[in-house]
Structure formats: C-alpha cells, structure tokens
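Observations on the three-dimensional arrangement
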2 protein chains.
Amino acid sequence: MFKIGVLASGGGTNLQAVIDAVKSGVIKGEIVSVLSNNKSAYALERARVNGIEAVNIGRKQFSGISEYSKALASHFLERETDLIVLAGFMVILGEDFIKPFRNKIINIHPSLIPSFCGQGFYGLKVHEAVLKSGVKVTGATVHFVDENADTGPIILQKAVDVKDYDTPEILQKRVMEEAEWKILPEAIRLISQNELVIKDNIVRRKK
Amino acid sequence: MFKIGVLASGGGTNLQAVIDAVKSGVIKGEIVSVLSNNKSAYALERARVNGIEAVNIGRKQFSGISEYSKALASHFLERETDLIVLAGFMVILGEDFIKPFRNKIINIHPSLIPSFCGQGFYGLKVHEAVLKSGVKVTGATVHFVDENADTGPIILQKAVDVKDYDTPEILQKRVMEEAEWKILPEAIRLISQNELVIKDNIVRRKK
C-alpha cells in the first residue's frame, strides 16, 4: 500500500481533497499520519473524524529548525511513508527533513510559479499580490520540494481566471476550488502509480 | 472611425488576426497604417494585399532611439491614430514615442506576465525559457505600454498548457493559436468601444 503523510497548519481543505480522493479510490493509497505544528489546526480534526492518526508536534519545544526537521523526518520514516504532502504547512523545514525524502515531498502553492512565490508569499498574501499586480490569470502549482522555497520541479499547474472586483478572499476560494483541490490529488495519484520521471529538473509523464 | 496603427518586425501573424477581426466586423475600426523597421517583414506584404498603407522606416537612418521614436510618433500623430498595436515589433521605443500616446499603445507578449518577460525575453527565447523551467502552464498577455519593458497595465491574459516533449516551435505555435490571436483582437475591440478603465495600474471593464 502506498503510504501518504500530510503536514498542515490550518483548516486542511487540501487535506480533505486528498482524503476524498483516497476514499473514492482515485488514489490507491493510505494516509498514515497527519501532522501539524498547530494543535488547534482543523486539519487534525479532519484526520480524527476520518480515522487517521492526528499528531501535533509544536515547533517551540525544539531548540532549532534542524532539530524540529529531524523529529518530523523520524516520525514519517518510522511510518515508512512513501510520499509527504505539504498541504498548507507554515513552517519552512530544513535539509534534515528534505534529504531523507528526496523527491518524496510535494507542496501545493496557490499561484502559477514562477509568479508570486518565494519568501513572504503564502496564504492570502499571494492573492493580495496577484490582485495588486493586475494580472488576469493566476492558478496553483504542485511541485516537488527541494532546499529552496517554491523552486523544486513542477508536477502540475492549473490556471484560474482573476475577475474584476475580486477580493483576496474570493480569489483564494476560486483558486482552491478550481485548481488546488483538483491538482493535488491528481499529483499524488500520478506519483503513487509511478507515472512520472524527473530529468533536468523537469517532470514528465512516462512515455 | 476608430483608427488603428500597427508596428511589426516579422511575419505579422498577429497583424493578420487584427485584419481578420476588422474585416469580420468584430473590431469596428480601420487599420490606417502598418509600419516596420524591417523592409522585408512579411507584415508589410499582408498590409499591402489588404489595401492598408505599408511603410518601412528603418532604425539605422536615425542618429538615436530618441530621433527614431519621434519620427514614428509623428507618423501616427499625422494619421490621427487612436491606438497603436505593437505586434511583434523588435525595437524598444523611447519616451518620445510613448508620451504622445499615453495609454494608447498596446503590446502582445507570449507569456503570462510577470513570468518570462522583460529584457531578453522575446520570440522563441520566451518559449525556450518556459520549457527549460518546467512550468506546465504558459500563455499570452496584452498590456498597455509604459516606459519599461513589459510592465504596463495588463488588459487580457490567456493560459495555454505546456505539454510533455514540446519544442519551443510547437509551443510558440500553440500560444499564438490558442491565446495571442484571440486576446489581441479582443483587447482592441474593448478599447475601441471604450469599455475599459485604468485605475492604480489595473485595467477593468466599466461597470
């Protein structure tokens, strides 16, 4: 069985999309653990009500990001996790987390990378920047995670229209519904079925 | 009658899309002049066969970009041009051209600005950079022209899928067919019918 771990800090709507895709059989796998840095993250509650292990490991009980990264890596290594999904996880983990899971960590970002990504671009801030710039198209990106923020190989992207008089909240909702909740489960499905190859930092379907 | 001027350096396929939209009545206006820096640009031939003034004004006969910019501005001012369309024009004009036509010059760029734009990003180079980056979505942008490269207010954008094993040439063709040839005539139609407002560098439809 393909084992999926999820890290989330907030409401966990992307986690819900993954849970739904597992339940419906689109993803042939199992979510083995949902971990949050935030004990009141609703993502943990979503895990519990679906019979999935829900774990809170706070950042502050560790002396540094390296120690925290090691603890989280151990957590998922112990569970023989095949893929770790960052679904709105608000702590930037260090190489102690990333190295043991090379090409086995994916992230969802609410813009079309390379636009509106990198340091400081998270959550509503992304959509605020999008609206301030006046672009007419935005979207979401699922990518493998490397040592830098939002630069790993891109797996899937989906475009979403920006509409006149959008607010950041309205745009965020549209990007979630039309892009994030679709491409995140689809990326997990492709990885779990071993359908992708990475070459020269580019992700393609196997021929 | 709404008077349109076009600047082009190459094959003029975007010019053709505008000619077609005028002929079919989608754009209620007239192309008063097509000007190229390149005397063998096929865009000039497209103008001639459609009974449109075709003018070659080379860059090298002028001492500097300022003089060239003034000459081109005079050309279109004499023709009482309401809108100037940069349709693959490979010379970056100075403020002597832009000032007399504030918010009356538009450009088409073959990517989703702010990605893959600015200095060095033109023609096939854009699509080469897109493919090298591994993004899965690109597109085209029509924007008003200001003093900097590719930074003026965005009028329309349209997304286009990048496919596995695309070449720059194949991707360029798809972006032209699915995006450029659609949004450029549509932007001209919106401007000619006075349907847009610009506020805080953002373009919106009038309510």
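Computed from a predicted model, the values in this text were never measured in an experiment.

**Quick word on the overall build of chain A**
Looking only at helices and strands, one finds six helices and nine strands in chain A. A compact globule built from 207 residues would reach a C-alpha radius of gyration of about 17 Å, and chain A, at 16 Å, matches this within 12%. With the C-alpha coordinates of chain A rotated into their principal frame, the extents come out at 50 × 45 × 35 Å. Within the span of chain A, comprising 207 residues, buried residues form 52% of the whole. Nonlocal contacts in chain A, meaning residues at least 24 apart in sequence, comprise 63% of its contacts between residues at least 6 apart. Averaged over its 27 positive side-chain charges, chain A has a centre that lies 2 Å from the centre of its 24 negative ones.

**Considering the packing of helix 1 (residues 13–23) of chain B against helix 2 (residues 42–49) of chain B**
Residues and elements named next belong to chain B. Viewed as axis vectors pointing N to C, helix 1 and helix 2 meet at an angle of 20°, and their least axial separation amounts to 9 Å. In terms of their interaxial angle, helix 1 and helix 2 are classed as roughly parallel. Here helix 1 runs over helix 2; the crossing is right-handed. In this structure, helix 1 uses Thr13, Leu15, Gln16 and Ile19 to contact helix 2, whose residues at the interface are Ala43, Arg46 and Ala47.

**Remarks on unusual backbone geometry**
Residues and elements named next belong to chain A. Of note, the bond from isoleucine 113 into proline 114 is cis; its omega dihedral lies within 30 degrees of zero at 15°. You can see proline 114 is positioned in the loop between strand 5 (105–109) and helix 5 (124–133). A positive phi angle, close to 60°, is found at asparagine 103, a residue other than glycine. The backbone of asparagine 194 shows a phi angle near 55°, a positive value even though the residue is not glycine. The topology assignment puts asparagine 194 in the loop between helix 6 (168–192) and strand 8 (196–199).

**A closer look at helix 6 (residues 168–192) of chain B**
All names here are of chain B. Along its 25 residues, helix 6 runs 33 Å from first to last C-alpha, staying within 8% of the 36 Å computed at 1.5 Å per residue. Taken as a whole, helix 6 carries its principal kink of about 45° at methionine 176. Just downstream of helix 6 lies asparagine 194, where phi reads positive at about 60°.

**Some thoughts on the sheet that holds strand 3 (residues 54–56) of chain A**
Residue and element names in this part refer to chain A. A sheet is described by the order of its strands in space; here seven strands give the open sequence 3-2-1-4-5-6-7, paired in mixed fashion. Of all the strands in the sheet, just strand 3 and strand 7 (154–161) have a single pairing partner and so form its edges. Across the sheet, the mean angle from the axis of one strand to that of its neighbour is 20°, orientation sign disregarded. The pairing of strand 1 (residues 2–7) with strand 4 (residues 83–86) spans four bridges and is classified as parallel.

**Overview of empty space enclosed by the protein**
Per the stated rule, a full pass over the model turns up one cavity of 30 Å³ or more. Roughly 120 Å³ of volume is contained in the largest cavity. For the largest cavity, the lining is made up of 17 residues, of which Leu112, Ser115 and Val137 of chain A together with Leu112 and Ser115 of chain B are closest to its centre. Elements with a minimum of two residues in the lining of the largest cavity: strand 6 (137–144) of chain A together with strand 6 (137–144) of chain B. Grouping the constituent residues of the lining of the largest cavity by class yields twelve nonpolar, five polar and no charged.

**A few points about the pattern of salt bridges**
Residue and element names in this part refer to chain A. Taken as a whole and judged by the stated rule, the model has 17 salt bridges over all chains. Here arginine 102 makes a salt bridge to glutamate 147, at a shortest N to O gap of 2.9 Å. Of this pair, arginine 102 sits in the loop between helix 4 (95–98) and strand 5 while glutamate 147 sits in the loop between strand 6 and strand 7; the two residues are 45 residues apart in sequence, bridging distant segments of the chain. The exposure class assigned to arginine 102 is partly exposed, which follows from its relative accessible area of 43%.

**With respect to the sheet that holds strand 1 (residues 2–7) of chain B**
All names here are of chain B. Taken in spatial order, the seven strands make up an open sheet running 3-2-1-4-5-6-7, and their pairing is mixed. Only two strands of the sheet have a single partner each, and these edge strands are strand 3 (54–56) and strand 7 (154–161). Ignoring which end each strand starts from, the neighbouring axes of this sheet average 20° apart. Looking at chain direction, strand 4 (residues 83–86) and strand 5 (residues 105–109) are connected through three bridges and run parallel. In the sheet register, valine 85 faces strand 5, and the bridge partner there is isoleucine 106.

**Some details on the interface of chain A and chain B**
Counting from both sides, the interface comprises 24 residues of chain A and, opposite them, 24 residues of chain B. The junction of chain A with chain B conceals about 2,000 Å² of combined surface from both sides, 59% of it contributed by carbon and sulfur atoms. At the junction of chain A and chain B, the tally comes to zero salt bridges. Linking chain A to chain B there are eleven residue pairs in polar contact (both at pLDDT 80 or more). Of all the secondary structure elements, the ones that give two or more residues to the side of chain A that touches chain B are helix 5, strand 7 and strand 9 (202–205) of chain A. Considering every element that reaches the side of chain A that touches chain B, the biggest residue donor is strand 7 of chain A, with six residues.

**A few points about the relation of the copies chain A and chain B**
Between chain A and chain B, the superposition needs a rotation of 180° and an axial shift of 0.0 Å, giving an RMSD of 0.0 Å. Such a combination of rotation and displacement between the chain copies is what one expects of a two-fold axis. In terms of C-alpha distance to the rotation axis, chain A has serine 115 of chain A as its closest residue, with the C-alpha 2.9 Å off the axis.

**With respect to the packing of helix 5 of chain A against helix 6 of chain A**
All names here are of chain A. Axis separation between helix 5 and helix 6 bottoms out at 9 Å; the angle between their running directions is 110°. In terms of orientation, helix 5 lies roughly perpendicular with respect to helix 6. The hand of the helix 5/helix 6 crossing is right-handed. For the pair helix 5 and helix 6, contact is made by Leu124, His127, Glu128, Val130 and Leu131 and by Pro168, Glu169, Leu171, Gln172 and Val175, respectively. Its residues assigned to classes, the contact of helix 5 with helix 6 comprises six nonpolar, two polar and two charged.

Definitions and limits used
- Residues numbered from 1 in each chain as written.
- Chains lettered and ligands numbered in written order.
- Predicted model: local features only at pLDDT ≥ 70, side-chain atom pairs only at ≥ 80, totals over all residues.
- Heavy atoms only, no water.
- Helix = DSSP H or I, 4+ residues; strand = E, 2+ residues; numbered from the N terminus.
- Rg over C-alpha atoms; globule rule 2.2 N^0.38 Å.
- Buried < 20%, exposed > 50% of the residue type's maximum accessible area, 1.4 Å probe, protein only.
- Contact = heavy atoms within 4.5 Å.
- Lys, Arg positive; Asp, Glu negative; His and termini not counted.
- Charge placed at Lys NZ, Arg CZ, Asp CG, Glu CD.
- Axes fitted to C-alpha atoms, helices over the stretch in contact; angles between N-to-C directions.
- Parallel < 35°, antiparallel > 145°, perpendicular 65-115°, else oblique.
- Left-handed = near helix turned anticlockwise from the far one by under 90°.
- Expected span 1.5 Å × (residues − 1).
- Bend = angle between axes of the 7 residues up to and from the residue.
- Pairing = 2+ DSSP bridges.
- 1 Å grid on protein atoms, 1.4 Å probe; cavity = no way out; pocket = protein on both sides within 12 Å on 5 of 7 lines; lining within 4 Å.
- Points joined across faces, edges and corners; volume = space filled by probe spheres on them.
- Nonpolar A, V, L, I, M, F, W, Y, C, P; charged D, E, K, R; others polar.
- Salt bridge = Lys/Arg side-chain N within 4 Å of Asp/Glu carboxyl O.
- Buried area = accessible area lost by both parts, 1.4 Å probe.
- Polar contact = N/O pair within 3.5 Å; in protein donor to acceptor, adjacent residues only side chain to side chain.
- Least-squares fit on C-alpha atoms with pLDDT ≥ 70 in both.

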